[in-house]
Amino acid sequence: MNNITAVKGFKDILPEEAHHWHQVERIVRGVFADFGFQEIHVPILEKTELFTKGIGDTTDIVEKEMYTFRDRGEDSLTLRPEATSSILRAYIEHSMFSRSSVTKLFSIGPMFRRERPQKGRYRQFHQIDVEVLGAEEPQADAELILMLVHLFKMVGLENLSLDINSLGCPECRLIFRQKVIDFLQDTHDSLCPDCQRLLVNNPLRVFDCKNDSCRRLIQDAPSILDFICEGCRCHFNQVRTCLDMFGMPYNLNTRMVRGLDYYTRTTFEITVPHMGSQNAVVGGGRYDGLIRDLGGPDIPGIGFAIGFERLMSLLQDRQESPPPPVLFIAALGSEAQAAAFKLCNRLRLEGIRVEMDYAGKSLKSQMKKADKSGSLYTLILGEREIQAGEGELRDMGSSKQRTVPLDNLKSHIVQ
RNA sequence: GUGGGCGUAGCUCAAAUGGUUAGAGUGCCGGGUUGUGGCCCCGGAGGUCGAGGGUUCAAGUCCCUUCGCUCACCCCA
């Protein structure tokens, strides 16, 4: 087998799976509509600069996971590793902030990260991305989380674990950052090599380490909530009050940090057990300085991304099959075949799902095919039936059969 | 980037210590049976045993190399 295969980590979504995706998308879009979100399509290719500025140039994503190349010797371009940067770029580029004070957007599409593929992790994967731009109020945070949980409920998932935290603003985070460095300095040598490196570049991410010995050290580390400024503390408390108002359970996880540098204040994550370290189905948070950093006005924002493949893997048990055809036409002989071909397509134009076999095989073979397709009815056409302008219509459920006129077939079919 | 597992038919897998023309189930194609289909029966097509090299009279099996897949670490959604 020396055939050309798909690129490593890039997956084909086969028809049955695509159908399941579509079902979930429909539900998701319905929820977004209820909450006043509008869809935006942005390109999958952007100037590299957008991501180094947005995500942060010391993050793993930017450092070693992006698909970056030169466009025929011109600009450095990158296949987007996440959607927020692109959406904000579009928001700024089209001055969408001047249309209304608050803009609610969603987008669904592929992202690209060159990591080693694994269960629940692909190099091309899909995200459902949601952004609220222009709302600083804690209500916006709570509302977004409410919608998220509602969304999961609507697709049939409940009792998932919601973690929330606040990362503070750049000012108070700087103070906390130093506290962490001070705290870990003494135990520096006991940290794993990765964390030793992180301590210099991005000390908060040491909290994310799965290494047991690092975790033990971190247990006694200071909590960020003890160091955030009055404004951030107040904001976060209001978010929590709102969540309580909705009766929404959550874990306060002061060790949760995010892998993208742009996050500020409220962050949240939905995880599911038994998914190893690929357990984050949703990640999100506030990014109040990002629009400004990308060259736009100083407008606050908050959003989240759902890992589509991970979401779908949780739904595996309750997937419906694509709808079967309503009618299968089995034709015998070339004359009947020709008539069936015409009839088949005429009915399709009238909005009925019809299938037939063009190969002109034996009746048995065609009946087998009809049965396999799961069609509700089968119409049997022979030369004799064509002459008479009628056909044998069989109800596949009851096995009852009757002769029906071809020009009025539709009225005999109960869809 | 690091580590483990696995590559035999479209799919799921067999083939004891190396030993004749590499098998089964399922799916596909055809035929028989049947109340024109489901169940059952018969037949057919489909494999360079991932690739390359080595050991041997003899390699799917042993050794080396390589490629691919997969799982975990890492990271993230």
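Here, residues in each chain are numbered from 1, in the same order as that chain's written sequence. Going through the entries in the order they are written, you letter the chains from A and number the ligands from 1. pLDDT decides what is reported in this predicted model: residues at 70 or higher carry local features, side-chain atom pairs at 80 or more are listed and counted, and totals for whole chains, interfaces and linings draw on all residues regardless. The side-chain values count all of the structure's non-hydrogen atoms but skip hydrogen atoms and water molecules.

1. Some thoughts on the overall build of chain A
We count it as follows: Numbered from the N terminus, helices here are DSSP runs of H or I no shorter than four residues, and strands are runs of E no shorter than two. The globule rule used here is 2.2 Å times the number of residues to the 0.38 power, and the radius of gyration it is set against is calculated over C-alpha atoms. Relative accessibility thresholds used throughout: buried, under 20% of the residue-type maximum; exposed, over 50%; partly exposed, between the two (1.4 Å probe, protein chains only). Should any heavy atoms of two residues lie within 4.5 Å, those residues are counted as being in contact. Throughout, the Shrake-Rupley method with a 1.4 Å probe supplies accessible areas, and for residues the shown protein chains are the sole cover considered. The charged-residue count follows a simple rule in which Lys and Arg add positive charge and Asp and Glu add negative charge, with His and chain termini not counted at all. Where a charge lies is defined by one atom per residue type: Lys uses NZ, Arg uses CZ, Asp uses CG and Glu uses CD.
Along its length, chain A carries 14 helices and 16 strands. In summary, chain A has a C-alpha radius of gyration of 28 Å against a globular reference of 22 Å for 415 residues, an excess of more than 25%. Expressed along its principal axes, the backbone C-alpha trace of chain A runs to roughly 95 × 55 × 45 Å. Within chain A, the proportion of its 415 residues that are buried is 49%. Across chain A, every contact between residues at least 6 apart in sequence was considered, and the portion connecting residues at least 24 apart equals 69%. By element, 50% of the accessible surface of chain A is carried by carbon and sulfur atoms, the whole surface being about 21300 Å². When the 51 positive and 56 negative side-chain charges of chain A are each reduced to one mean point, those points stand 5 Å apart.

2. Some remarks on a nonpolar patch on the surface
How we decide: Like charges within 9 Å and nonpolar side chains (Val, Leu, Ile, Met, Phe, Trp, Tyr) within 5 Å are joined into patches, using only residues over 30% in relative accessible area that form no salt bridge. Salt bridges are defined as contacts in which a side-chain nitrogen from Lys or Arg sits within 4 Å of a carboxyl oxygen from Asp or Glu.
Judged by side-chain polarity, Ile44, Leu45 and Phe69 come together as a nonpolar surface patch covering roughly 220 Å² of accessible area. Mapped onto the secondary structure, Phe69 falls in strand β3 (residues 67-70).

3. What about the sheet that holds β3?
Our working rule: Each pair of strands is called paired provided DSSP finds at least two bridges between the two strands. Fitting a line to C-alpha atoms yields each axis, with helices limited to the stretch in contact; the angle taken between N-to-C directions then spans 0 to 180 degrees.
A sheet is described by the order of its strands in space; here 3 strands give the open sequence β2-β4-β3, paired in antiparallel fashion. Each edge of the open sheet is held by one strand with a lone partner, namely β2 (45-47) and β3. Averaged over all neighbouring strand pairs, the angle between strand axes comes to 35°, with direction disregarded. Of the pairings in the sheet, the one linking β2 to strand β4 (residues 76-79) comprises 3 bridges and is antiparallel in character. Across the sheet, Glu46 pairs through a bridge with Thr78, a residue of β4.

4. Description of the packing of helix α5 (residues 138-154) against helix α9 (residues 230-245)
Note the threshold: The labels follow the angle: roughly parallel below 35 degrees, roughly antiparallel above 145, roughly perpendicular from 65 to 115, and oblique for the rest. By the definition used in this description, the sense in which the near helix is turned from the far one sets the handedness, with an anticlockwise turn below a right angle giving left-handed and a clockwise turn giving right-handed.
Two elements in contact, α5 and α9, have axes separated by 8 Å at closest approach and are oriented at 40°. In terms of their interaxial angle, α5 and α9 are classed as oblique. Both α5 and α9 take part in a crossing whose hand is right-handed. Residues Pro138, Gln139, Asp141, Ala142 and Ile145 of α5 form the contact with α9, whose participating residues are His235, Gln238, Val239, Cys242 and Leu243.

5. Looking at the protein's contact with RNA strand B
How we decide: One heavy atom within 4 Å of a molecule or strand is enough for the residue carrying it to be called near that molecule or strand. As used in this structure description, the phrase polar contact means that two N or O atoms lie within 3.5 Å; if the pair is within protein, one of them must be able to donate a hydrogen and the other to accept it, and residues adjacent in sequence are counted only when both atoms belong to side chains. Just so you know the grouping, Ala, Val, Leu, Ile, Met, Phe, Trp, Tyr, Cys and Pro go in nonpolar, Asp, Glu, Lys and Arg go in charged, and all remaining residues, Gly too, go in polar.
In the vicinity of RNA strand B, 43 residues are found, and the nearest of them are Arg113, Glu115, Arg121, Ser277 and Leu363. Lys119 is positioned such that a nitrogen or oxygen atom in its backbone is 3.3 Å from a phosphate oxygen of RNA strand B. Interatomic distance of 2.6 Å between a side-chain N/O atom of Lys372 and a phosphate oxygen of RNA strand B. Listed by contribution, the elements that provide at least two residues to the surface near RNA strand B are α3 (60-65), β6 (124-133), β10 (280-286), β11 (301-307), α13 (363-373) and β15 (390-395). In terms of residue class, the surface near RNA strand B is built from 9 nonpolar, 13 polar and 21 charged.

6. Observations concerning the packing of aromatic side chains
The condition is simple: Aromatic contacts are taken between Phe, Tyr and Trp rings whose centres are within 6.5 Å, Trp giving its six-membered ring; a plane angle under 30 degrees counts as stacked, one over 60 as edge-to-face, and the others as tilted.
A full pass over the atoms with the stated rule returns 11 aromatic pairs. Ring geometry for Phe32 and Phe106: centres 4.6 Å apart, planes at 40°, overall tilted. Residue Phe32 is located in helix α1 (residues 15-34), and its partner Phe106 is located in strand β5 (residues 103-112); the two are separated by 74 residues in the primary sequence. By way of ring pairs, the aromatic residues Phe10, Tyr67 and Phe112 are connected into one cluster.

7. Focus: the packing of α1 against α5
Where α1 contacts α5, the two axes come as close as 10 Å, and the packing angle between them is 145°. Considering how the two elements wind past one another, α1 and α5 form a crossing that is right-handed. Contact residues: α1 offers Ile27, Val28, Val31 and Phe32, while α5 offers Met147, His150, Leu151 and Met154. Here the residues of the contact of α1 with α5 are counted per class, giving 7 nonpolar, 1 polar and no charged.

8. A look at the domain arrangement of chain A
Quick reminder of the rule: Where each domain begins and ends follows an automated or database-derived domain assignment.
By domain assignment, chain A separates into domain 1 (15-169 + 228-318) and domain 2 (327-413). Here the C-alpha centroids of domain 1 and domain 2 sit 50 Å apart.

9. Overview of the pattern of salt bridges
Across all of its chains, the model carries 17 salt bridges by this definition. When the shortest N-O distance is used, the salt bridge between Asp141 and Arg286 registers 2.5 Å. Residue Asp141 is found in helix α5, and its partner Arg286 is found in strand β10; the two are separated by 145 residues along the sequence. According to the relative accessible area criterion, Arg286 is buried, its value standing at 0%. Here Glu350 makes a salt bridge to Arg346, at a shortest N to O gap of 3.5 Å. By relative accessible area, Glu350 is classed as partly exposed at 34%. Linked by salt bridges that have partners in common, Glu25, Arg29 and Glu39 make up one network.

10. Side note on helix α7 (residues 193-201)
For the record, the criterion: Note that the arc is computed from the directions linking the helix axis to the C-beta atoms.
Considered for burial, the residues of α7 that qualify are Cys195, Leu198 and Leu199. End-on, the buried residues of α7 take up no more than an arc of 110°, which puts them together on one face. Away from its buried face by more than 90 degrees, α7 exposes Pro193 and Val200.

11. Quick notes on the sheet that holds strand β1 (residues 38-39)
Across the sheet, which stays open at both edges, the 8 strands sit in the order β1-β5-β6-β11-β10-β9-β7-β8 with mixed pairing between neighbours. In the strand order of this sheet, the two ends are held by β1 and β8 (251-252), each with one partner. Here β10 pairs with β11 via 5 bridges, running antiparallel. Across the sheet, the residue bridging to Gly285 is Gly303, located in β11.

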